[in-house]
Amino acid sequence: MRGPAEQHLEFLPLKATWLHILLALAEGAGHGYAIRAAVEERTAGAVRLWPATLYGALRDMTADGLLEERAAAPAPGDDARRRYYELTGLGRGVLEAEVRRLERIVAAARATEALARP
Amino acid sequence: MSGAALRGARRVYGLSVRLLPERFRSSFGAELEADFAELAAHSGERRGVAGVVGATLRAVLDVAWRALVERLQGNGDVMTGRWRSPRGRRARPGEVAMQWLGELRQAARTLAARPGFTLASVLTLGLGIGATVAIFAVVDAVLIRPLPYPESDRVVHIRHHAPGLNLSNLENSHGTMALYRDLARSFSAVALVEGNSYNLTGSEVPARVRALHVTPSWFDVLGTQPLLGRRFVEGEGVAGGARLAILMHGAWRTRFGGTADVVGRTIELDGQAVEIVGVMPEGFTYNSDDAELLLAAEIDRTQDFGTFGRQGIARLAPGVELAAAQAELARLQAVIPERDSDLSAEFLKNAGWSVTVERLRDVLVRDVRTALWIVLGTVAFVLLIACANVANLFLVRAEGRQRETAIRGALGASGPRVAWSFLSESVLLGLAGGAVGTAVATLGVRALVAAGPAELPRLEEVAVDARALLVALGLSLLAGILFGLLPLPRQLRTAAGALREARGDTGSRERHRMRHSLIAAQVALALVLLTGSGLMLRSFQRLRAVEPGVRTENVLALGVSYGAQGGPEAAARFYQQVLEQVRALPGVRSAAATNSLPLSPSGINGGSFSIESRPRDDDEIPPVTMYAAVSAGFFETLGVPLRSGRLLGPADDTPGANAVWVNEQFVRLNLPDGDPLRERIQLGGDEAPWREIAGVVGDVRTFGLAEEVSSMVYVPMSLTQSSIGIDLMQLVVHTSVPPSSVLPAVRATVGRIEGRVPLTTARTMEQVLAESIADASFIMAVLGIAAVVALLLGAIGLYGVIAYVVAQRTREIGVRLALGAPPAGVHRMVVRQGVTLAVIGSLIGLAAALPLTRLMRGVLFEIPPFDPVTYGVVVIVLLAVSALAAWLPARRAARVDVVVALSAE
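Note that the coordinates shown come from a computational prediction; the quantities given were computed from them, not determined experimentally.

Q: Can you break down the overall build of chain B residue by residue, with the values?
A: Scanning chain B for helices and strands turns up 26 helices and 22 strands. Looking at chain B as a whole, 44% of its 905 residues are labelled buried. When contacts within chain B are restricted to residue pairs at least 6 apart in sequence, long-range pairs at least 24 apart make up 83% of them.

Structure below.
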């Protein structure tokens, strides 16, 4: 049997698309277009998730248990025609594991004098 | 406007979404289109129509990529084991490689389990790839790669032509080169090159060495510097002599021990002191010339403008194109009459005078270009046939594995997964074939360079190098992928249809069609090769049937070089003395000397002459002839028949004599009416003496069997002027014993008379004859081997297919026999099937051979490319072999045991 931590490690290093989607959903459920808009806003337009890539990733992430689909719109005012996705426990764990991994890399980089912050 | 753009964009995107597999579209199609509509509108607001177009393009690409990924992933619900990592993860370093290795290991195991199949495929491929790579290496080194000088494509070769004088290539004279040096602006440097041979003393052994007289500008034209010492500089050159020398690297090593102190030393060339000032770098050659020395020369304006035959090269000035240089030199021809009154404008016009500027490389490889491309095409054809054979083997194997594929499909292996397992096997086979091929190519190229066909320029540069290896790798992968893909469509369908049709009876028609096409293609390729080699064979027969005009059995030819010092009288006396003593040797019937050995185009002189009884105007073009210096006994020794007059006796070869001999061609061209024996001719300029024609002898193929008979004048060597050099002569010895057995005695005789005289090549006339047709022999050998291999592979392929078909149809044949069909009828039916394939292949092959063999026109001798005899024989041979290949399995079909056939399954 594998422990949950090992299960998280199975997914590392995480594809950039997946990381951005997990980040976008970390604050709460959202639909495809909202995820796309959130990612674009956070990265100031540097990362654009084109629709087919986005939905392909959402499907695969759901199949792998990182996301789950919510049957109904979570709140009034949401678009009822759209499917909403939210993080599962596994999804949140994978996100945290990936962020920790990145932190270690950043820390290692900082420790290098040439790259230290001014 | 933007509304229309948006509607258009949505329609385009909607269409592109259809590329996606159904299951993806049904889940997400609506959302994709809705998202795209918002996205496009957003882009439109910000950047107008351009924004919409850009967004649409990106979004369509995104869909197309997704569609590809989705389809390749196959049925996403069923995944087989180790093939993939969790989808969200980037591949870890080495992971993909490990998966590949795993597949390859599996493939290697599968192949090792069938050593017969594997060995046959690898060897077939190896031979095909090896031959192709070897010839590629040659073609690459000789035809494709630039010459080994900086910016070598700017080095050009200048030549003059006078078709009206029957002189297609005059090269240059000192006069023309001075003209271009002074006036041509297209060149940054102009150099004159002249070859000559000298007796070298001052090194360990006296030797005859070849030297190139080059102007100091030669180093600027080629952009090359000596390795040791220095180059020649302006003003150091001497016209017609030698004062300073630079050694080629090879001569420095072999003759001077490769020591650096050689610079500054003095050597003797024909008794003249020459100082060594430098050594050229290793690997440097000029036009594949085997010269051992460079001598400083200069362009000499005092020399006769009309004496041509010197090589002229130049480097194009920066920014000047070849065509511009050509145009400038063409204009400069108008200046020639100002510089030499003999070459008047009228004369130049009558002569059809012209100049050409060509890249040096193109000039160098012109003679072998056709032959090399033919050979490369030939081996490529053999490779194709080999591939067709292996592909057929692969198809058979794939059929045998249909059950396995079906089971893997049923267990959920995706299309790509099945494809990959086939591909890894075929690619592995291809690579193994490539490895064998590389070994074959390396050995082949080594053998070729060692054999060293003299006609092949730049041979020293030929090697299986990185480029050739890359070609080998490319061919292996290409072949491997092809074999893997051929059976694939069928296999994938089997995987999709799972076990539904595991017996594999349906679809066999399609399979047969592919196998049959492969066989027809093989027959077609074999026909092209057989035709090519048949044409060469017929052409070679014609060539061998040509009367050389001289005796070739029991004749020894040996080069003896007295050298230029002492003058022609001393040289003639020396050769006469040698001949007298050689004639007295046991086993020698007769002996003579000539400066130009028949059948080999070396040492021959040519020029214009006058006939006393036919004076001509100044503007009339003089007739030209070739001439050779010969000793008494020359015609008897070489068996040249006397047609009229008398033979050349000892009294004619004395300085006071005045008789020359001509051949029948000379009479045909110049004295068609009247009695040649009453005529006097003048060789060379107006001051030359008038000589009487004392005899007419039979025609000799002076330049080689394949060359036209030229008009000849034979001048006794004692009468030669400076225009006919006799410093290097060929002794020809007619023997009553095997000719090579008298060689030691002849050598000893020459050494006794004059120890310092070097002897050069010794050959029998039969060897000389063989060398004169070496080109044709080489192409014929290559094409012949290729054709035999092609025929063999084609026959094996046909046999294999028919045998397989018979095995497949055992049941059907059994039924036919049981219903009373006569065995002979069954036999005929099977043979007919094979022959039908061969006929179809032959027709395709004929259609391909007709245009292809026309490319051979340049290498054929007296045989038209469309030679009905060759074509007829080839088709008959091919059909006969095909019938035989089909007949063997057909016999088995006719002997099918009805009971066994029907009770099986």
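Q: Lay out the overall build of chain A with the relevant residues and their values.
A: Looking only at helices and strands, chain A features five helices and three strands. In chain A, the succession of α and β elements from N to C terminus is α-α-β-α-α-β-β-α. A sequence separation of at least 24 residues applies to 57% of the contacts in chain A between residues at least 6 apart.

Q: How would you explain the packing of helix H2 (residues 16–25) of chain A against helix H4 (residues 51–63) of chain A if you had to name every residue and give the values?
A: All names here are of chain A. Interhelical geometry of H2 versus H4 gives an angle of 80 degrees and a closest axis separation of 10 Å. In terms of axis orientation, H2 runs roughly perpendicular to H4. Where H2 approaches H4, its residues Thr17, Trp18 and Ile21 are matched on the opposing element by Thr53, Ala57 and Met61.

Q: Describe the interface of chain A and chain B, naming the residues involved and giving the relevant values.
A: When the parts of a complex come together, some accessible area is lost, and that lost area is often used as the size of the interface. Chain A puts 22 residues into the contact, and the matching count from chain B is 17 residues. Residue assignment for the side of chain A that touches chain B shows that the elements contributing at least two residues are helix H3 (32–42) and H4 of chain A. Per element, the largest residue contribution to the side of chain A that touches chain B is eight residues, and it comes from H4 of chain A. In terms of residue class, the side of chain A that touches chain B is made up of 12 nonpolar, three polar and seven charged.

Q: Got a sec to walk through the nonpolar core? Specific residues and values, please.
A: All names here are of chain B. Counting residues in each nonpolar core, the largest one holds 178 residues, and the members touching the most others are Ala137, Leu731, Ile779 and Ala790. Broken down by element, the residue count for this core peaks at 19 residues, all from helix H11 (residues 360–400). Residues within four places of Ile779 in sequence aside, it is in contact with Ala371, Ile374, Val375, Met536 and Val859. Of all hydrophobic cores here, the second largest spans 57 residues; its members include Val156, Leu179, Ala184 and Ala245.

Q: Help me get a handle on helix H7 (residues 249–256) of chain B, residues and values and all.
A: All names here are of chain B. Turning to H7, its buried residues are Ala251, Trp252 and Arg255. Seen along its axis, H7 keeps its buried residues to an arc of 105 degrees; they face one direction. Positive backbone phi, approximately 70 degrees, marks Gly257, located one or two places after H7.

Q: Tell me what's going on with the confidence of the model for chain B, and back it up with residues and numbers.
A: Residues and elements named next belong to chain B. Of all residues in chain B, 90% attain a pLDDT of 70 or more, and the chain-wide mean is 82. Residue range residues 75–85 is modelled with pLDDT below 50. Its contacts to residues more than four positions away, or to other chains, number 13 contacts. Every residue in residues 498–506 is under pLDDT 50, and counting partners more than four places away or in other chains gives 11 contacts. Among the scores for the predicted complex, ipTM is 0.87 and pTM is 0.62.

Q: So what about the sheet that holds strand S3 (residues 84–87) of chain A? Which residues, and what values?
A: All names here are of chain A. A sheet is described by the order of its strands in space; here three strands give the open sequence S1-S3-S2, paired in antiparallel fashion. With one partner strand each, in any of the chains shown, strand S1 (30–31) and strand S2 (67–70) form the two edges of the open sheet. Pairing analysis gives four bridges linking S2 to S3, with the strands arranged antiparallel. Each bridged residue has a counterpart across the sheet, and for Glu68 the counterpart in S3 is Glu86. In this fold H4 packs onto S2 and S3, with an angle of close to 105 degrees to the strand it touches most, S2.

Q: Outline unusual backbone geometry, supporting the account with residue identities and numerical values.
A: For the bond from Leu12 of chain A to Pro13 of chain A, the omega torsion is -10 degrees, close enough to zero to count as cis. The topology assignment puts Pro13 of chain A in the loop between helix H1 (4–9) and H2. Phi angles above zero are rare outside glycine, and Glu151 of chain B is one such case at about 45 degrees. Within the element layout of this structure, Glu151 of chain B appears in the loop between helix H4 (115–144) and strand S1 (155–162). Within the chain, Glu171 of chain B stands out as a residue other than glycine whose phi angle is a positive 55 degrees. Here Glu171 of chain B is to be found in strand S2 (residues 167–171).

Q: Now, about the confidence of the model for chain A: what can you tell me, with residues and values included?
A: Across chain A, the average pLDDT comes to 82, with 81% of residues at or above 70. Taken element by element, the predicted model of chain A shows its lowest mean pLDDT in H1 of chain A (73) and its highest in H2 of chain A (91).

Q: Tell me about the packing of H2 of chain A against H3 of chain A, and please be specific about residues and values.
A: All names here are of chain A. Axis separation between H2 and H3 bottoms out at 9 Å; the angle between their running directions is 100 degrees. The angle between the axes of H2 and H3 places the two elements in the roughly perpendicular class. On H3, the residues touching His20, Ile21, Ala24 and Leu25 of H2 are Ile35, Ala38 and Val39. Residue composition of the contact of H2 with H3, grouped by class: six nonpolar, one polar and no charged.

Q: Quick one: what's the story with the pairing of strand S13 (residues 588–594) of chain B, residue by residue and with numbers?
A: Residue and element names in this part refer to chain B. The element S13 is extensively covered by neighbouring structure, given that five of its seven residues are classed as buried. Bridge count between S13 and strand S21 (residues 728–735): six bridges; the pairing is antiparallel. Residue pairing for S21: Thr594 is matched across the bridge by Gln730.

Q: Quick one: what's the story with the environment of Val896 of chain B, residue by residue and with numbers?
A: Inspection of the secondary structure assignment puts Val896 of chain B in the loop between helix H25 (868–894) and helix H26 (898–903). Spatially, the C-alpha atom of Val896 of chain B lies 9.0 Å from that of Arg811 of chain B, the residues being 85 residues apart in sequence.

Q: Before we move on, can you summarise helix H5 (residues 174–183) of chain B with the specific residues and values?
A: Residues and elements named next belong to chain B. Of all 10 residues in H5, seven are buried, a share of seventy percent or more. All of the buried residues along H5 are His174, Gly175, Thr176, Met177, Ala178, Leu179 and Tyr180. Elements that come into contact with the buried residues of H5 comprise S1, strand S3 (187–201), strand S10 (311–316), helix H8 (322–332) and helix H9 (336–339).

Q: Can you lay out the pairing of strand S12 (residues 555–561) of chain B for me, pointing to particular residues and giving the numbers?
A: All names here are of chain B. The element S12 is largely enclosed, with a buried count of six among its seven residues. Where S12 and S21 come together, seven bridges link them in antiparallel fashion. Across the sheet, Val560 pairs through a bridge with Met729, a residue of S21. Across four bridges, S12 lies against strand S22 (residues 759–764) in antiparallel orientation. Bridge assignment links Ala557 to a residue of S22, and that residue is Arg763.

Q: Can you lay out the environment of Phe866 of chain B for me, pointing to particular residues and giving the numbers?
A: Its location among the elements puts Phe866 of chain B in the loop between helix H24 (823–854) and H25. Taking the C-alpha atoms as reference points, Phe866 of chain B and Pro851 of chain B, separated by 15 residues in sequence, lie 9.3 Å from one another.

Calculation notes
Residues numbered from 1 in each chain as written. Chains lettered and ligands numbered in written order. Predicted model: local features only at pLDDT ≥ 70, side-chain atom pairs only at ≥ 80, totals over all residues. Helix = DSSP H or I, 4+ residues; strand = E, 2+ residues; numbered from the N terminus. Buried ≥ 20, exposed ≤ 12 C-beta atoms within 10 Å, placed from the backbone. Contact = placed C-beta atoms within 7 Å. Axes fitted to C-alpha atoms, helices over the stretch in contact; angles between N-to-C directions. Parallel < 35°, antiparallel > 145°, perpendicular 65-115°, else oblique. Nonpolar A, V, L, I, M, F, W, Y, C, P; charged D, E, K, R; others polar. Core = buried A, V, L, I, M, F, W, Y, C linked by C-beta atoms within 7 Å. Arc of directions from axis to C-beta. pLDDT = per-residue confidence, 0-100. Pairing = 2+ DSSP bridges.

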